[in-house]
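# A look at the structure
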Amino acid sequence: MAITRDDVLKALSTVTVDRGGTTLPGSGRLSQVVIDPGNRVMFSILIDPSEAERFEPVRREAEGRVLALPGVSSVLASLTAERASNAPAPGAAPRPPGPGAPPRQGNAHGNALPGVRHIVAVASGKGGVGKSTTACNLALALGAQGLRVGLLDADIYGPSVPKLLGLSGKPRVIEGKTLEPMQAYGLKAMSIGFLIEPESAMIWRGPMVQSAITQMLRDVAWGELDVLVVDMPPGTGDAQLTMAQATPLSGAVIVSTPQDLALIDARRGVTMFRKVSVPILGVIENMATFICPNCGAASAIFGHGGARQEAQRLEVPFLGEIPLTMAIRETSDAGRPVVATDPDGPQAKVYREIAEKLWGNLTGAPAGRAAPRIVIE
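Predicted, not measured: the structure shown is a model, and the values here were computed from it.

### Examining the pattern of salt bridges
Under the counting rule described, the total for this entry stands at 15 salt bridges. Close ionic contact of Glu-321 with Arg-308 constitutes a salt bridge, the shortest N to O distance being 3.8 Å. Placement of Glu-321 in strand β14 (residues 318-324) and of Arg-308 in helix α8 (residues 306-314) is noted, with a sequence separation of 13 residues between them. Judged by relative accessible area, which is 37%, Arg-308 ranks as partly exposed. What you see here is one network of salt bridges that share partners, running through Glu-56, Arg-59, Arg-60, Glu-63, Arg-218 and Asp-219.

### Observations regarding helix α2 (residues 52-67)
Here α2 is 16 residues long and its end C-alpha atoms lie 22 Å apart, about the 22 Å a rise of 1.5 Å per residue gives. Turning to α2, its buried residues are Ala-52, Phe-55, Glu-56, Val-58, Arg-59, Ala-62, Glu-63 and Val-66.

### Topic: the pairing of strand β10 (residues 225-231)
Among the seven residues of β10, seven are classified as buried, and the element is accordingly described as predominantly covered. Pairing between strand β4 (residues 116-123) and β10: six bridges, direction parallel. Residue pairing across strands places Ile-119 opposite Leu-228, the latter belonging to β10.

### Some words on the UniProt feature "binding site: ATP" (unreviewed entry) in the protein chain
Per the UniProt annotation, the sites labelled "binding site: ATP" (unreviewed entry) are Gly-125, Lys-126, Gly-127, Gly-128, Val-129, Gly-130, Lys-131 and Ser-132. By the element assignment, Gly-125 lies in the loop between β4 and α3 (131-143). Of the residues examined, Gly-125 reaches a relative accessible area of 14% and is grouped as buried. Apart from the residues lying within four places of it in its own chain, the contact partners of Gly-125 are Gly-235, Asp-265 and Ala-266. Among the structural elements, Ser-132 can be located in helix α3. Taking the relative accessible area as the measure of exposure, Ser-132 reaches 11% and is therefore buried. Beyond its immediate stretch of four places on either side in the chain, Ser-132 contacts Asp-155, Ser-160, Leu-164 and Asp-231.

Parameters at a glance
- Residues numbered from 1 in each chain as written.
- Predicted model: local features only at pLDDT ≥ 70, side-chain atom pairs only at ≥ 80, totals over all residues.
- Heavy atoms only, no water.
- Salt bridge = Lys/Arg side-chain N within 4 Å of Asp/Glu carboxyl O.
- Helix = DSSP H or I, 4+ residues; strand = E, 2+ residues; numbered from the N terminus.
- Buried < 20%, exposed > 50% of the residue type's maximum accessible area, 1.4 Å probe, protein only.
- Expected span 1.5 Å × (residues − 1).
- Pairing = 2+ DSSP bridges.
- UniProt positions renumbered as here; feature names shortened; annotations may be inferred.
- Contact = heavy atoms within 4.5 Å.

Below, the structure written as structure tokens:
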């Protein structure tokens, strides 16, 4: 049975948002309603950050009313807020955090993930700079410090985490529609790649993408985590901006290669996060040098030092350089990340040093717990 937008609006007209009986469609808060070919319905509700707690029951009721329609397979409803009222004006960028700077506290969803201490976005201004590989190994390096770590693959159009971690299959559903995260190498992981066929094309518009990301954040049993690392979609478009606004991020890490073309987009990433008051925890220069697997010589294929210089210019922390090596590429393609499979190797050491600086910038202190031995699966 085909579901129409009018069907959805009729169901939502029974949901009120205030004591005066204003309906959700009549409130001006309802986004465009999107229905995909599989009869999955997506929409968002615009709120002020201070209204998050009051509107969560409204969101749940709206989701339930639409889900009750015959033929609807699933519903993705989210709360979306504009820039928080206490955020600086777009022309006034906040000072970048340094070691000891307090993490960002909440946003439109408040404490959206109970039990999760910090959420860190790993982002890039453009694709192709190794963001997902960096996010995966960075999460493992944080785990190697003894921290409890999760990894959320928010790159809806190009999910890489299943491949990087060598995971397949579907997550188990527990307690209604809550998903149990997949696990590998001590990480809890979730990705849209676990929920779709490997060769499926994600032809989704912005509201659908944001709703899917929000669902993976909210409806996953993350449990107690010190850090949830979020592999963000590349770029600085609507999906990225909405993700930054609607998620209680403690801070962001920008990944770039050294050449000018990548750095131009990295600047845009820094600017985007500053406009929504998300602290920049640091910049990483990926593919800094190519290490020849035969002779060990280093070649600056993409230039060298550009990200460090850009971090200095933008007055944000520089976390370190990651070389372009055969080992990182081969282990990533094989689903056996280098930090987990060769923890004493030179590449893993680089990621661990970056993770230590990141944790210091996030909390103002080292991890402070003994690193467990990672069991290779």
